[in-house]
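Listed below are the residues making up each chain.
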Amino acid sequence: MHPVIEWKDGAVVMLDQRLLPAETKFIAMRSHLEVAGAIRDMVIRGAPAIGIAAAYGIALGMAELKGSPGLDQPGFLDRSFKAVSAAITSTRPTAVNLFWAAARMEDVYTEHRGDHSRLCRELLAAAEALDRADFEINRAIGRNGSDLLRDGDTVLTHCNAGALATAGYGTALGVVRAAVESGKKIRVIAGETRPYLQGARLTVWELQEDGIPVTLVTDSMAGLVMNKGMAQAVIVGADRVAANGDTANKIGTYSLAVLARYHGIPFYVAAPLSTIDHETADGAGIPIEERDKSEVTNFRGQATARPQTTVYNPAFDVTPAGLITAIITEEKVLFPEFGPAIAALQGLRRK
Ligand code: MRU
């Protein structure tokens, strides 16, 4: 699959995920404000991909200053970097990878702010390195998680934690891909993921592209699917894992975890270390994005409820650590108690 994001000829090029599965179209962005808009409007989405977009967006924002008369003025670069970074980080609040990537770019900025041309080269190199590293990280998550699946298993997943949500390969779907590559026959059941339909539009699309058998169900069918013994594991991605293991992921994930516990099915979270937020003690401290009510009252311009309807539209929920069987990272698979296991990983991924 072509990467969902790349730097090409001075522009950030992204696959427009809003159009999938009907259309595969790439958009070239030449300003950091366009990149910020693309993150906010979900042209690109999924925590690791949002982090990569942030890094490229910041590199682009600083490159935009080329030839600016202000470059010689004291404090100009500092002020500009702050403004660019703020524009990028104010887009979506829940996926911690966004803030993690911005912090990595700030480290590069601080080290190289003396010379603007050099700074721009270093920022772009850092963004590209972060992008490349994410792909390898997903492969490692896949390898680490694939042992948890047995030949013949069916995996229930939610939202899209696949190649489309990362630099490629995916986290939750990376585990599926690695198990398939190791010779196991694995099937996937994808929850459609109301209201934005990442499961139906994106997960089903990318698994079909790879020839991995996938069955689409509506979110409300999950209980029945588990009750009928149709899934042997649930694997989801994460937008932010708190220090105690509480995990924010796409709305509906918590319900799946409760159902999985009731039915005695293992519930796995697959996420890179950059999704772990050591500063946030538990799920109560994770900011949850609320999105526009039109996502619930309309589908592609067609009203599904009256416009005056009161709507609650949180984009994520928090699954308590106690409902999670294991957290699959690129470093190792973590088992409860997650607090000490997570603390032991602190500082491992800085670059
Ligand atoms: O709103 P989205 O589409 O950005 O939400 C994405 C998810 O919830 C994913 O499961 C999560 O970011 C992990 S992606 C590897």
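What comes next concerns the included structure. What you see is a predicted model; the values in this text were computed from it and never measured.

## Some thoughts on the site of the ligand
- For the ligand, the set of nearby residues contains 19 residues, the closest of which are Ala-47, Arg-92, Asp-239, Asn-249 and Lys-250.
- At 2.8 Å from an oxygen atom of the ligand is found a side-chain nitrogen or oxygen belonging to Gln-198.
- At a separation of 2.7 Å, an oxygen atom of the ligand approaches a polar side-chain atom of Lys-250.
- When the ligand sits alone it has 420 Å² of accessible area, and the protein chains cover 99% of it.
- Put simply, the ligand lies in the largest cavity.

## Focus on the packing of helix H2 (residues 47-63) against helix H5 (residues 116-146)
- Between H2 and H5, the shortest axis-to-axis distance is 9 Å and the interhelical angle comes to 170°. Comparing the axis directions of H2 and H5 gives the class roughly antiparallel. Counted together, Pro-48, Gly-51, Ile-52, Ala-55, Tyr-56, Ala-59, Met-62 and Ala-63 of H2 and His-116, Leu-119, Cys-120, Leu-123, Leu-124, Ala-127, Glu-128, Leu-130, Asp-131 and Asp-134 of H5 form the full contact between these two elements.
- Taken together, the residues of the contact of H2 with H5 sort by class into 13 nonpolar, two polar and three charged.

## Structural notes on the packing of aromatic side chains
- Evaluated as defined, the whole model comprises three aromatic pairs.
- With 4.4 Å between their ring centres and 15° between their planes, Phe-81 and Tyr-109 make a pair best called stacked. Taken as a pair, Phe-81 in helix H3 (residues 76-89) and Tyr-109 in helix H4 (residues 96-112) lie far apart in primary sequence, 28 residues in all.
- Overall, Tyr-109 belongs to the buried group, its relative accessible area being 3%.
- Between Phe-135 and Tyr-169, the aromatic rings sit 6.4 Å apart at their centres with planes inclined by 65°, giving edge-to-face as the arrangement. Here Phe-135 is found in helix H5, whereas its partner Tyr-169 is found in the loop between strand S4 (154-157) and helix H6 (172-181), with 34 residues between them in sequence.
- Taking the ring centre of Tyr-169 as reference, the NZ or CZ of Arg-139 above it sits at 4.6 Å.
- Above the plane of the ring of Phe-316 lies Lys-250, whose end atom (NZ or CZ) is 4.2 Å from the centre.

## Let's talk about the pairing of strand S2 (residues 11-15)
- By the criterion of burial, S2 is predominantly enclosed, with five of the five residues buried.
- Neither face of S2 is exposed, since Ala-11, Val-13 and Leu-15 on one face and Val-12 and Met-14 on the opposite face are all buried.
- When strand S1 (residues 5-8) meets S2, the two strands line up antiparallel, connected through four bridges. Across the sheet, the residue bridging to Lys-8 is Ala-11, located in S2.
- Hairpin connection of S1 to S2: two residues between the antiparallel strands, including Asp-9 at a positive phi of 50°.

Calculation rules
Residues numbered from 1 in each chain as written. Predicted model: local features only at pLDDT ≥ 70, side-chain atom pairs only at ≥ 80, totals over all residues. Heavy atoms only, no water. Near = heavy atom within 4 Å. Polar contact = N/O pair within 3.5 Å; in protein donor to acceptor, adjacent residues only side chain to side chain. Areas by Shrake-Rupley, 256 points an atom, 1.4 Å probe, with all protein chains shown as cover. 1 Å grid on protein atoms, 1.4 Å probe; cavity = no way out; pocket = protein on both sides within 12 Å on 5 of 7 lines; lining within 4 Å. Sits in = over half its atoms within 2 Å of the grid points. Axes fitted to C-alpha atoms, helices over the stretch in contact; angles between N-to-C directions. Helix = DSSP H or I, 4+ residues; strand = E, 2+ residues; numbered from the N terminus. Parallel < 35°, antiparallel > 145°, perpendicular 65-115°, else oblique. Contact = heavy atoms within 4.5 Å. Nonpolar A, V, L, I, M, F, W, Y, C, P; charged D, E, K, R; others polar. Phe/Tyr/Trp six-rings, centres within 6.5 Å; stacked < 30°, edge-to-face > 60°. Buried < 20%, exposed > 50% of the residue type's maximum accessible area, 1.4 Å probe, protein only. Lys NZ or Arg CZ within 6 Å of the ring centre and 35° of its normal. Pairing = 2+ DSSP bridges.

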